Structures are given as C-alpha cells and as structure tokens.
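Topology and contacts: notes
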Amino acid sequence: VLTQLVKATQDAAVKGEALFLLGASAFKQAKYPQAIERLTQSIAIEPAWTGVDEAYLILAEAYSKSGDDAQAKSTLEQLLSKFPNSPFKTQAQFR
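Each residue is numbered by its place in its chain's sequence as written, counting from 1. With pLDDT at 70 or above as the cut-off, local features in this predicted model cover only qualifying residues; side-chain atom pairs require 80 or more to be listed or tallied, and sums for whole chains, interfaces and linings still use all residues. Excluded from the side-chain calculations are hydrogens and water; all other atoms, namely the structure's heavy atoms, are used.

In this structure, Phe-20 and Leu-39 are the most contacted members of the largest nonpolar core, which totals 24 residues. The helix and strand labels rest on DSSP assignments: H or I over at least four residues marks a helix, E over at least two residues marks a strand, and numbering proceeds from the N terminus. For this core, the elements supplying multiple residues, two or more each, are α2 (12-28), α3 (32-45), α4 (52-65) and α5 (69-82). No other element matches the nine residues that α4 contributes to this core. Residues belong to one nonpolar core when they are buried, are Ala, Val, Leu, Ile, Met, Phe, Trp, Tyr or Cys, and are joined through side-chain atoms within 4.5 Å. Exposure categories follow from relative accessible area, calculated using a 1.4 Å probe and restricted to protein chains: below 20% of the type maximum is buried, above 50% is exposed, and the middle band is partly exposed.

Working convention: axes come from line fits to C-alpha atoms, limited for helices to the stretch in contact. Angles between N-to-C directions cover 0 to 180 degrees. At a minimum axis distance of 8 Å, the contact between α2 and α3 shows a crossing angle of 160 degrees. Overall, the two elements α2 and α3 adopt an arrangement that is roughly antiparallel. The way α2 lies across α3 gives a crossing that is left-handed. On α3, the residues that touch Ala-12, Lys-15, Gly-16, Leu-19, Phe-20, Leu-22, Gly-23, Ala-24, Ala-26 and Phe-27 of α2 are Tyr-32, Gln-34, Ala-35, Arg-38, Leu-39, Gln-41, Ser-42 and Ile-45. The classification used treats Ala, Val, Leu, Ile, Met, Phe, Trp, Tyr, Cys and Pro as nonpolar, Asp, Glu, Lys and Arg as charged, and all other residues, Gly among them, as polar. For the contact of α2 with α3, a count of residues per class yields 11 nonpolar, five polar and two charged. Any angle between 65 and 115 degrees counts as roughly perpendicular, while under 35 counts as roughly parallel, over 145 as roughly antiparallel, and the rest as oblique. The hand of a helix crossing depends on one turn: near helix anticlockwise from the far one by less than a right angle means left-handed, and clockwise means right-handed. What makes two residues a contact is simply this: any of their non-hydrogen atoms within 4.5 Å.

The next subject is the packing of aromatic side chains. Only Phe, Tyr and Trp rings are paired, with Trp represented by its six-membered ring, and only when their centres lie within 6.5 Å; those with planes under 30 degrees apart are stacked, over 60 edge-to-face, the remainder tilted. Enumeration according to the criterion identifies two aromatic pairs in this entry. A centroid spacing of 5.9 Å and a plane angle of 55 degrees characterise the contact between Tyr-56 and Phe-83, whose relative ring orientation is tilted. In this pair, Tyr-56 is assigned in helix α4 and Phe-83 in the loop between α5 and α6 (89-93), connecting sequence segments 27 residues apart.

Given a rise of 1.5 Å per residue, 17 residues ought to cover 24 Å, and the 24 Å separating the end C-alpha atoms of α2 matches this to within 8%. All of the buried residues in α2 are Lys-15, Gly-16, Ala-18, Leu-19, Phe-20, Leu-22, Gly-23, Ala-24, Ala-26 and Phe-27. Buried residues in α2 make contact with α1 (2-8), α3 and α4. Here a polar contact means two N or O atoms within 3.5 Å. Within protein one must be a hydrogen donor candidate and the other an acceptor candidate, and residues neighboring in sequence count only if both atoms are side-chain atoms. You can read the cap of α2 off the contacts: a side-chain oxygen lies 2.9 Å from the backbone nitrogen of Ala-13, and it is on Asp-11. Expected helix span is taken as 1.5 Å per residue step, with the number of steps being one fewer than the number of residues.

This next bit is on the environment of Ala-72. Along the chain, Ala-72 falls in helix α5. Taking the relative accessible area as the measure of exposure, Ala-72 reaches 6% and is therefore buried. In this structure, the C-alpha to C-alpha distance between Ala-72 and Tyr-56, residues 16 residues apart in sequence, is 9.3 Å. Those residues within four positions of Ala-72 in sequence are excluded, and the remaining contacts are Ala-60, Tyr-63 and Ser-64.

Salt bridge criterion: a side-chain nitrogen from Lys or Arg within 4 Å of a carboxyl oxygen from Asp or Glu. A full pass over the atoms with the stated rule returns one salt bridge. Residues Arg-38 and Glu-37 are paired through a salt bridge, measuring 3.7 Å at the closest nitrogen-oxygen approach.

So this is what it looks like as structure tokens:
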C-alpha cells in the first residue's frame, strides 16, 4: 500500500513520510541496503517534513549496520547540524 502511495501521490510531504515508513520497516527487517535507499529518498524528496530528523537517525544506523561507519558518522553530523533542537539529538551525539 505504501509503495502504491509513493507512486500515486504528488504531495512531497506524504511521499517523504511513506518512504520513511518503508525505510524504517526495511531497517527493522535488517534489509539495510533497502532501508538506506528508501530513507535517502525520503530525505531528498522532502527535507523539511516532520520526522525527517528521525529518518537521518535511522539512516545512520542502517549505514552503521552495513559497515559504512564513515557514512553513518556523516549522517549523524548532518542530523545535528540541520536539527540542533531535535529530540534525537542526544541519541545522535552518543553514537
């Protein structure tokens, strides 16, 4: 259903959130390459939707689980610089 929504909607915020949900689901299933792809798309499509800071956090975790620690660190740094008041700030700082 979410994949169909991504294809059908023209609303960037809706598409961004749907891609986030797909990416988060892939992450929970340990499908890290798919999670990275979907979360990256989510951030690129709508970089200001509510919850994009969480997308950065999960994306960083997916990079880390995939063995790309440099990209994980870079993603966390982006989260901290773009969202200094994020509720995920503390988690990002201690990863």
